[in-house]
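# Observations on chain architecture
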Amino acid sequence: MKFRKFIQPLEEGFLSEGDVIRAEGLTKQFGNFTAVDHISFTVHKGEIFGFLGANGAGKTTAMKMLCGISTMTDGQVCIAGYDLKWHVRRIKREIGYMSQKFSLYEDLKVWENIRLFGGIYGLKEDEIERKTELLLDRLDLRKQKNSLVRSLPLGWKQKLAFSVAIIHNPKIVFLDEPTGGVDPATRRGFWEMIYDAAEQGITIFVTTHYMDEAEYCDRVSIMVDGRIEALDTPARLKEMYNSDNMDQVFHTLARRAKRDE
Amino acid sequence: MIKYLIEKEFKQIWRDRFLLVLIPLLPALVMLVFPWATTMEIKSVNISVLDYDHTPLSAKLINKISSTSYFNITAVAMNKREANDHISSGVADMVIEIPNGFEKELVNDRTSSLMVLANAVNGSKAGFGTSYLNAIIIDFAAQMNFAQGAISLNTMGGISVEPYYWFNPSMDYKIPMIPALIVLIVTLLVGFLPSMNIVAEKESGTIEQINVTPVSKFAFIAGKLIPYWIIGVIVLSIAILVSYLMFGLQPKGSIFLLYGISIFFILGISAMGLLISNYSSTMQQAMFTMFFLIIIIILMSGILTPISSMPEWAQVIAAINPMTYFAEIMKLIYLKGSTLADLMQYIYPLVVFFVIIFAWAMLSYRKRG
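These figures come from a predicted structure and were not determined experimentally.

Conventions adopted
- Residues numbered from 1 in each chain as written.
- Chains lettered and ligands numbered in written order.
- Predicted model: local features only at pLDDT ≥ 70, side-chain atom pairs only at ≥ 80, totals over all residues.
- Heavy atoms only, no water.
- Core = buried A, V, L, I, M, F, W, Y, C linked by side-chain atoms within 4.5 Å.
- Buried < 20%, exposed > 50% of the residue type's maximum accessible area, 1.4 Å probe, protein only.
- Helix = DSSP H or I, 4+ residues; strand = E, 2+ residues; numbered from the N terminus.
- Contact = heavy atoms within 4.5 Å.
- Pairing = 2+ DSSP bridges.
- Axes fitted to C-alpha atoms, helices over the stretch in contact; angles between N-to-C directions.
- Polar contact = N/O pair within 3.5 Å; in protein donor to acceptor, adjacent residues only side chain to side chain.
- Patch = residues over 30% accessible without salt bridge, like charges linked within 9 Å, V, L, I, M, F, W, Y side chains within 5 Å.
- Areas by Shrake-Rupley, 256 points an atom, 1.4 Å probe, with all protein chains shown as cover.
- Salt bridge = Lys/Arg side-chain N within 4 Å of Asp/Glu carboxyl O.
- Domains from an automatic or database assignment.

## Quick word on the nonpolar core
- Leu160(A), Phe162(A) and Ile204(A) are the most contacted members of the largest nonpolar core, which has 126 residues in total.
- Sort the elements by how many residues they give to this core and helix 7 (residues 174-204) of chain B lands first, with 15 residues.
- Ignoring anything within four residues of it in the chain, the contact list for Leu160(A) reads Leu104(A), Val110(A), Ile114(A), Leu139(A), Leu141(A), Val149(A) and Leu152(A).
- Listed in part, the 31 residues of the second largest apolar core include Ala35(A), Leu66(A), Cys67(A) and Phe205(A).

Put into structure tokens, the structure is as follows:
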């Protein structure tokens, strides 16, 4: 019989000055299956942190725990200065999230989606209006303001979903395979938005399947079978594994996987 | 924050063509059609006559029976076996057996007996039919005594002619059914619609996006309940309006009181829908669970069968069933004109039901998997 550790508040200085996320021994267990197996990592303020791994390696599960929509089985996590075990709601105010399903309301119009999430995050009426105008211009969606999100092309939906996810100027935004299913040009456009956000000081935590995107990240972690097998800058990882590109690095590591997808 | 959530729910309902048609049309149709169909009035009961007497008096009685709009003489039996055949083959619902010497006994002894057989497969038809027939016979006997001028009514063994009640042509069975039907249609709509709601967001994945936001459980559930309360008020108003226009029926009591009390009932049933939605992972699952619950709620609310004649376990269910109380309240306000003070005993259970189910719906909404 296993007892859950007595929950203690995080020690003073658990999260150092320049960091926004620190996870120690983060674990998720579904019965006998350990989806995420005691992973530890730190994410620096303002960086683009690539969170890679094959399907089933546990990336999405780990990300959901960090976002507070899945409970962790074990571990200590501090996000934006708050303990994940105790202050989920406060953390939620400081983070944005966009999943591979880019969950905007398809039966709401473009401006209505912006308004809804603006309102939920506590923006004031005039702030919402200002933000809506700004986004419509920036995303070049002015003509589509009154279109249902359902009718937008996939690439535009992704851009809109990303903009909505950072509408409240969060400290961190979590992106779960944000660019699935679109052409390279559209993906490039999306990454420009990511860079813009990072420049504004928003930390980006992103999972992806595209290894060219991994090259865009400041640092990259690679998960294999629920564990982090490597974590460093793309350049150092390539050096370490004697590879020309991240694709080779990824395959070298992913080959070690024993788990089925 | 709730404001934006409510706004969003309304926009979504507004965009749903099906709901937009369903919400006003269903109550209107139900109120137009069902009061005619749910009438308890028994008409055209088929009777087989087994007359052993063959006297002018027995002929007169048969004539009297067949002259009412309730009975049709569809067969004449020569003996008991034939009469039984008529019932088992469905030719007749009832048999009236007039014994030999009926006239003689009635004239000489002032009393006589008849036998009435009824096919009780259709219980209410048998019950009502027997009562009607009894009343006709009593009336017949009374008339006869008057006609002979020999005996006064009092000597008829204290039988009163009260059952005339059954023949009162203006006694309209549609009227008491209407408040019950209003409750029924409100329950259906404000029960089923919310049960589809949260689970639909689960299926489309939008709930995940809501869950990463700091929306509180209270705001989330309240934001979903309030639109259904407004829908419930619209449905209630349409049903009340149609029953007024079609049947001229309006509540004897205060309509404001009616609307005021309806808040607790509508919110309670809607919260139950959301509760089911929380526990379901597919729309199908939510719908069938709700179906099951709504059937129990309707059957054990006393609107179709009296609660007092239910077995004890069913009475327990009826006692925790919010429809039991709201149906009673509607009936009392509509037909009797009861006031707030009269109705308090029925309002408390509605409030308690709402508070418990709302709290449960709030707690069972899980933001974390």
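So that's the structure; there's more coming.
## A short note on the sheet that holds strand 8 (residues 203-207) of chain A
Residues and elements named next belong to chain A.
- Taking strand neighbours across the sheet as the criterion, the six strands line up as 6-7-8-3-9-10 in an open arrangement whose pairing is mixed. Looking along the sheet, the strands with just one partner apiece sit at the ends: strand 6 (95-98) and strand 10 (227-232). Pairs of neighbouring strands in the sheet enclose a mean axial angle of 15 degrees, with direction left out of account.
- Bridge analysis of strand 7 (residues 172-176) against strand 8 gives five bridges, and the strand direction is parallel. Each bridged residue has a counterpart across the sheet, and for Phe174 the counterpart in strand 8 is Phe205.

## Details of the sheet that holds strand 4 (residues 115-118) of chain B
All names here are of chain B.
- Read across the open sheet, the four strands follow the order 2-1-3-4; overall the sheet is mixed. Sheet topology places strand 2 (71-77) and strand 4 at the edges, where each strand pairs with a single neighbour. Pairwise comparison of adjacent strand axes, ignoring direction, gives a mean angle of 25 degrees for this sheet.
- Here six bridges tie strand 1 (residues 45-51) to strand 2, and the two strands are oriented parallel to one another. Bridge assignment links Asn46 to a residue of strand 2, and that residue is Asn72.

## Re the environment of Ser204(B)
Residues and elements named next belong to chain B.
- Looking at the element boundaries, Ser204 is found in helix 7.
- Considered as a pair, Ser204 and Ile333 are 129 residues apart in the sequence and their alpha carbons are 43 Å apart.
- Within the structure, Ser204 has its side chain in polar contact with the backbone oxygen of Glu201 (distance 3.5 Å).
- Polar side-chain contacts of Ser204 include one of 3.1 Å to the side chain of Thr206.

## Comments concerning a nonpolar patch on the surface
Residue and element names in this part refer to chain B.
- On the surface, a nonpolar cluster with roughly 970 Å² of combined accessible area is contributed by Trp14, Leu20, Val21, Leu25, Leu29, Leu32, Val33, Phe34, Trp36 and Met246.
- Here the element with the most residues in the nonpolar patch is helix 2 (residues 17-37); it accounts for eight residues.
- Mapping Leu29 onto the fold places it in helix 2.
- For Leu29, a relative accessible area of 44% puts it in the partly exposed group.

## Things to note about the domain arrangement of chain B
- Under the domain assignment, chain B is made up of domain 1 (2-38 + 173-364) and domain 2 (45-167).
- Between the C-alpha centres of domain 1 of chain B and domain 2 of chain B the distance comes to 47 Å.

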